[in-house]
Amino acid sequence: MNDKIYQGKKAAYTTLGCKLNFAETATFEKMLTNLGVQTAEKGEQADLCIINTCSVTEVADHKCRQIIHRTVRQHPGAFIVVTGCYAQLKPMQVAAIEGVDLVLGANEKANLITLLAQRWNGEKNQQALHEHLTVPTRDINTFAPSCARGNRTRYFLKVQDGCDYFCTYCTIPFARGFSRSPSIASIVAQARQVAEEGGKEIVLTGVNIGHFGHHTGEKFIDLLRALDEVEGIARYRISSIEPDLLLDEVIDFCANSRAFMPHFHIPLQSGSDHVLALMHRRYDTALYARKVERIMTLMPHAFIGVDVMVGTRGETQDDFQQSLRFLSDLPVAQLHVFPYSERPGTAALRIPLVVSDKEKDERVDALLTLSKQKTDDFYLRHQDQQRTVLFEKAQKHRAMTGFTDNYIRVQLPPRASSPELDNQLRTVTLGDWNSQHNALIAFL
């Protein structure tokens, strides 16, 4: 590869969507930086723009189109690469946008650097304009390793990709392909590299993490055990895991492990068994409640986040009220609430009952109110306690912040903030709310 074509070039990166996308974009940035490409500062003209897209909702699709158009305007003459879920699902639409040079689907983004080297010669290659490289979902079989932190303290390590579940409302299996994962040995090697770079916390990311090893014969619990033995890594977090794949042995291991934090994110989607069946989810509310109860029994201070979708086709008012009651009774700390969005090609479109936008908005508001109450209660229960915090580099003129082991966001008083605390673990005493009511004041 001719590295000289990269020298002196600047690149701008845009990520939409999930933590997995963030990890992949950060990896692109790291690879290009190693080749001599500088990251463009805000407002600075770039020679290359990489946009990693999301397509979880129609709103996400619309935002992707807006971002692509804006990037083309802001960086005239730049080589524009679009990848991610929207690029896989709608490659021709994306390629038709004026200014887009290369569209890479789920299988092709692993070859970004090679493809870029073939097409990027300092000026736009006219033969590459509006090119899209994608394969059908059934042929997506590559796994692009990703482990990077971008401008954050925490590293995001991709351990799995794709999904075999095909829930009725979801397009992710079509966008990312079937479930696949690398070997435990390769992931452990990446974790060791993080430790050598001075990283202390790793977030495990994927589309359906609990499905790790399903097609290779390895087990998710064995991955956790192997990672727990990596010296230098003080913290791991599991970004999201399906309740039916959150095995009791995984919960038990995390409760007694050296480095896995008391922090879980467990998608629920609905607290109505009727709606869960319509969604083709692989559990019921009884199983979900048992998992939460086991976590809280073994880890009473655990932070549990929950994904909830409202207004899906078939969700009656009674279904929603049942879901609201179920969530009210669960000892969880936060709800991530999403209104249902119609997605072309999904089985949900065959369900006749359609919830109005007005009703969706009212249901979202009700759950967001409940979420705020639960998060406030969780934070305040920990006031005056001592917890360990990993501090993050403060933005200019901002107070230094960090997260406790159980994911409580804290903020240091201005006089206590110091660059020397960046990426350092410290035991603090948790005080009252900060002025923005989004963190507890921490005292060293």
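Just so it is clear, the structure is predicted and the values come from calculations on it, not from any experiment.

(A) Quick peek at the overall build of the chain. Within the chain, the regular secondary structure consists of 13 helices and 18 strands. Taken against the 2.2 N^0.38 rule, which gives 22 Å for 444 residues, the C-alpha radius of gyration of the chain at 22 Å falls within 12% of a compact globule. Seen along its three principal axes, the alpha-carbon backbone of the chain occupies a region of about 60 × 60 × 45 Å. Looking at the chain as a whole, 56% of its 444 residues qualify as buried. Looking at the chain alone, contacts between residues at least 24 apart form 74% of all its contacts between residues at least 6 apart.

(B) Summary view of the packing of helix α8 (residues 220-228) against helix α9 (residues 248-256). Interhelical geometry of α8 versus α9 gives an angle of 15° and a closest axis separation of 10 Å. Between α8 and α9, the angle falls in the class roughly parallel. Judged by the twist between their axes, the crossing of α8 over α9 is left-handed. Between α8 and α9, the contacting residues are F220, I221, L224, R225 and D228 on the first element and E249, V250, F253 and C254 on the second.

(C) Here's a closer look at helix α5 (residues 112-119). Along α5, the positions that sit buried rather than exposed are L112, I113, L115, L116 and R119. Axial view of α5: buried residues confined to an arc of 165°, hence all on one face.

(D) Here's a closer look at the packing of α9 against helix α11 (residues 285-298). Closest axis-to-axis distance for the α9/α11 pair is 10 Å, and the angle between their directions is 20°. The angle between α9 and α11 falls in the class roughly parallel. Our pair here, α9 against α11, has a crossing hand that is right-handed. On the side of α9, the interface is formed by D248, I251, D252 and A255, while α11 contributes K291, R294, I295 and L298. Across the contact of α9 with α11, the residue classes tally to four nonpolar, no polar and four charged.

(E) Quick look at the pattern of salt bridges. Overall, the coordinates contain 26 salt bridges when judged by the stated rule. Across the pair E58 and R343 runs a salt bridge whose closest N-O atoms are separated by 3.5 Å. You can see E58 sitting in helix α2 (residues 58-74) and its partner R343 sitting in the loop between β13 (334-339) and α13 (357-381), a full 285 residues away along the chain. On the basis of relative accessible area, E58 is assigned to the partly exposed category, the value being 35%.

(F) Representation of the pairing of strand β17 (residues 425-433). Relative to β17, strand β14 (residues 386-392) is paired through five bridges, and the arrangement is antiparallel. Of the residues in β17, the one forming a bridge with R387 is V428. Across three bridges, the pairing between β17 and strand β18 (residues 440-443) is antiparallel. Counted as the bridge partner of W433 is L440 from β18. Here β17 folds back onto β18, and the loop between the two strands holds six residues, one of which, H437, carries a positive phi near 60°.

(G) Broad picture of unusual backbone geometry. Positive phi, normally seen in glycine, also occurs at D384, with a value near 75°. In this structure D384 comes out as exposed when scored by relative accessible area, which is 68%. You will see that N423, though not glycine, has its phi angle at about 65°, which is positive. By the element assignment, N423 lies in the loop between β16 (409-411) and β17.

(H) Inspection of the sheet that holds strand β11 (residues 263-265) at higher detail. Here three strands make up an open sheet; going across it, the order is β11-β12-β13 and the pairing parallel. With one partner strand each, in any of the chains shown, β11 and β13 form the two edges of the open sheet. In this sheet, adjacent strand axes meet at a mean angle of 15° when their direction is disregarded.

(I) Highlighting the nonpolar core. Among the nonpolar cores identified, the biggest contains 57 residues, and L204, Y236, I295 and L367 are the most heavily contacted of them. Setting aside chain neighbours within four positions, we find Y236 in contact with A191, I202, L204, L227, D228, V230, A259, F260 and M261. With 22 residues, the next largest nonpolar core counts V72, A78, A87 and V100 among its residues.

(J) Spatial organisation of the pairing of strand β15 (residues 401-404). For β14 and β15, the ladder comprises four bridges, and the chain directions are antiparallel. Paired with V389 across the bridge in β15 is T404. Hairpin geometry of β15 and β16 is characterised by an intervening segment of four residues between the two adjacent antiparallel strands and by a positive phi of about 65° at Y407.

(K) Examining the environment of C170 more closely. Note that C170 resides in the loop between β8 (155-158) and α6 (172-176). Residue C170 is classed as buried on the basis of its relative accessible area, which comes to 18%. Each C-alpha atom of the pair C170 and R138 lies 16 Å from the other, and the pair is 32 residues apart in sequence.

Definitions and limits used
Residues numbered from 1 in each chain as written. Predicted model: local features only at pLDDT ≥ 70, side-chain atom pairs only at ≥ 80, totals over all residues. Heavy atoms only, no water. Helix = DSSP H or I, 4+ residues; strand = E, 2+ residues; numbered from the N terminus. Rg over C-alpha atoms; globule rule 2.2 N^0.38 Å. Buried < 20%, exposed > 50% of the residue type's maximum accessible area, 1.4 Å probe, protein only. Contact = heavy atoms within 4.5 Å. Axes fitted to C-alpha atoms, helices over the stretch in contact; angles between N-to-C directions. Parallel < 35°, antiparallel > 145°, perpendicular 65-115°, else oblique. Left-handed = near helix turned anticlockwise from the far one by under 90°. Arc of directions from axis to C-beta. Nonpolar A, V, L, I, M, F, W, Y, C, P; charged D, E, K, R; others polar. Salt bridge = Lys/Arg side-chain N within 4 Å of Asp/Glu carboxyl O. Pairing = 2+ DSSP bridges. Core = buried A, V, L, I, M, F, W, Y, C linked by side-chain atoms within 4.5 Å.

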